[in-house]
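# Residue-level structure breakdown
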Amino acid sequence: MLYPIQNDRRNKLDLSGIWDFKTDPDSVGEPAGWANGLPDSRPMAVPGSWNEQYEDLFGYLDLAWYVTRTFVPSTWQGQRVFIRVGSANYHGTVYVNGVKVGEHEGGHLPFAFEITDHVRWDAENGVAISVENELRPTRVPSGNMTSSMGMFASTPRTTFDFYPFAGLHRPVVLYSVPQTYIEDITVVTGIDGADGTVAITVTLNAPVTGQGTATLTGGSQPLQVPLSFKDGVAQATLPVPGARFWSDKDPYLYTLTVKTDSDRYSLQVGIRTIAVQGGHILLNGQRVQMNGFGRHEDFIASGKGLNLPLMVKDYQLMRWTGANAYRTSHYPYSEEEMQLADREGFLIIDEIPAVSLQFDTDENIAARLRVCLQQIDEMIARDKNHPSVVMWCVANEPMPRNLSLAGLEGGGPADPAEGPGKAMLETLLARARELDPTRLVTIVTVMGGPLSWMEQCDVIGMNRYWGWYVLGGELDKAQNRLEQELDAVWEKWGKPIIMTEFGADTMAGMHGHPDVMWTEEYQADYIRRHLKVAAARDFIAGMQVWNFADFAAVQSIARVAGLNMKGIFTRTRQPKLAAHVLREFWVKQPD
Ligand code: GCB
């Protein structure tokens, strides 16, 4: 799944802008021909979630239609034309000039359909996309489960703690490619002393024989290898003597250009390796700590929609805290984010939308497994060439049936979800490993979940809330329990541990002496203690605070004004006291 580009062989037309929009709660749009135009509509920005653009749409998650028109020039004629949607959450159906061209399940990942035969050249073309985001138990992530969260039940009824924003969240583009085109490129980099290697596999859309070249620029001189296509596939390795390796400290990017008789495609390449050894993560053979945040794509008005100025600002703020890493909690972020991370040198744990997987009935588990596997396939296909992506995460907080926040496993009867959970999680980890043996794999574990679920991970992700959900206001005891638990997990598995979440809700501007829960002082103290505990343990390979910024969650008595307030920054990106604590630890400042 290559990112569409414009060059001398390919064309790209970005349809971002104001589209026509109309809700369709009774599903009358298709028979009524809305794919050809909406009877009455209101303006809606694309990309963007619909929920925050109009007050009455805040809670609307059912079917809705987006329609726009675009001119397609005849200079594209003779090429193959596709429509590509960056993300439609949760289910999208695409129509071109009234004809249904395809549908896709699952948000946060791109999909494309060929539309060559439906295009009107040198004329206006109608594009309609219907999107719906119903919460269902068999979807990933799931909602509307029969089980309830008791007094913490939320509106809407998600199983997860973020607002289920709906809509076209990323750009919709038309692009054209030659009849025989480069369908995919896989780049795997290696290091041998001071030299690098760039191994390339190029796949064409047809099983043809032919010649091509791969050229790497950005070093002292361009390096080139010939490509010989057989059955539409060519493989070659470029040695890069005296290579400049990609890292969080020096995110150096080369440009790889693949050329065939008819096509040309360029992408950025960072030469790096990633591995684990004992309790450490090694980037280019050197120990690296992955410090930073769990985040969300979330902002006022744009919801989960691509917001480029916000993205640039967030990277600047993360750097200001000294962070060098983050997790795409709880779904793959935009391709533009990944490109910026390559350029800015962030180390990413890339996560599918498998938040709070439940292991209830065989039927439900099988339905979710199918979706999760599809999400892993699509995420790896999309992100496999980004040097910034160093780890695949196939689940966040899979849930035991009887969650007890008491912490360490043991003592009580085995949880009924343990067996089915282990089987499913190991299937997901195996799929990610099989598709990409060059990166690390993980699942992010919940407090009180079975330790056995960690067994097949390369790195153990631990979300722990000692001092917040458990032992709130008792930071001495909480610290003690945290230390015990980290040591026990290390002793059991001997693998690097990243604390993928720890945090305390904090109302910006609320102060306390003594520092009670919800005050800025409490969050600062809580974070400082966690970072000290980690600093004393060699097997902690990263500390990722929950969360980078306050974000829209669901309405419940646990979420003031519908916000999760564990941000180090507010939703409008103002620092809380704890941001300065991070700087103390993560930025080595001259006196
Ligand atoms: C978690 C979840 C995250 C929540 C967080 C919280 O463990 O992974 O999605 O937002 O806790 O703040 O409760």
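Residues numbered from 1 in each chain as written. Predicted model: local features only at pLDDT ≥ 70, side-chain atom pairs only at ≥ 80, totals over all residues. Heavy atoms only, no water.

### What about the site of the ligand?
Every one of the 13 residues lining the ligand counts as a neighbour, but Asp161, His330, Glu397, Tyr469 and Lys566 are closest to it. At 2.5 Å from an oxygen atom of the ligand is found a side-chain nitrogen or oxygen belonging to Asp161. In this structure, Tyr469 approaches the ligand through a side-chain N or O atom, which is 2.4 Å from an oxygen atom. Bound to the protein, the ligand loses 91% of the 320 Å² it would expose on its own. Classifying every residue of the shell around the ligand by side-chain character gives 4 nonpolar, 4 polar and 5 charged. (Near = heavy atom within 4 Å. Polar contact = N/O pair within 3.5 Å; in protein donor to acceptor, adjacent residues only side chain to side chain. Areas by Shrake-Rupley, 256 points an atom, 1.4 Å probe, with all protein chains shown as cover. Nonpolar A, V, L, I, M, F, W, Y, C, P; charged D, E, K, R; others polar.)

### A short note on the nonpolar core
Counting residues in hydrophobic clusters, the biggest one holds 120 residues, and the most contacted among them are Trp50, Ile83, Leu168 and Ile527. Composition of this core by domain shows at least three residues from each of domain 1 (11-177) and domain 3 (275-585). Apart from residues lying up to four places away in sequence, Ile83 is in contact with Val94, Val96, Val101, Phe111, Ala112, Phe113, Ile115, Val127, Val172, Val173 and Leu174. Listed in part, the 29 residues of the second largest apolar core include Val225, Ala243, Tyr254 and Tyr265. (Core = buried A, V, L, I, M, F, W, Y, C linked by side-chain atoms within 4.5 Å. Buried < 20%, exposed > 50% of the residue type's maximum accessible area, 1.4 Å probe, protein only. Domains from an automatic or database assignment. Contact = heavy atoms within 4.5 Å.)

### A few points about the domain arrangement of the protein
For the protein, the assigned domains read domain 1 (11-177), domain 2 (182-262) and domain 3 (275-585). Taking only C-alpha atoms, the centre of domain 1 and the centre of domain 2 are 35 Å apart.

### As for the packing of aromatic side chains
The full count for this structure, using the stated rule, is 30 aromatic pairs. Note on Phe160 and Phe162: the rings are 4.5 Å apart at their centroids and 40 degrees apart in plane angle, and the pair reads as tilted. Neither Phe160 nor Phe162 differs from the other in exposure class; each is buried. Summarising the aromatic geometry, the rings of Tyr326 and Tyr333 are spaced 6.0 Å apart at their centres and angled 20 degrees between planes, so their arrangement reads as stacked. (Phe/Tyr/Trp six-rings, centres within 6.5 Å; stacked < 30°, edge-to-face > 60°.)

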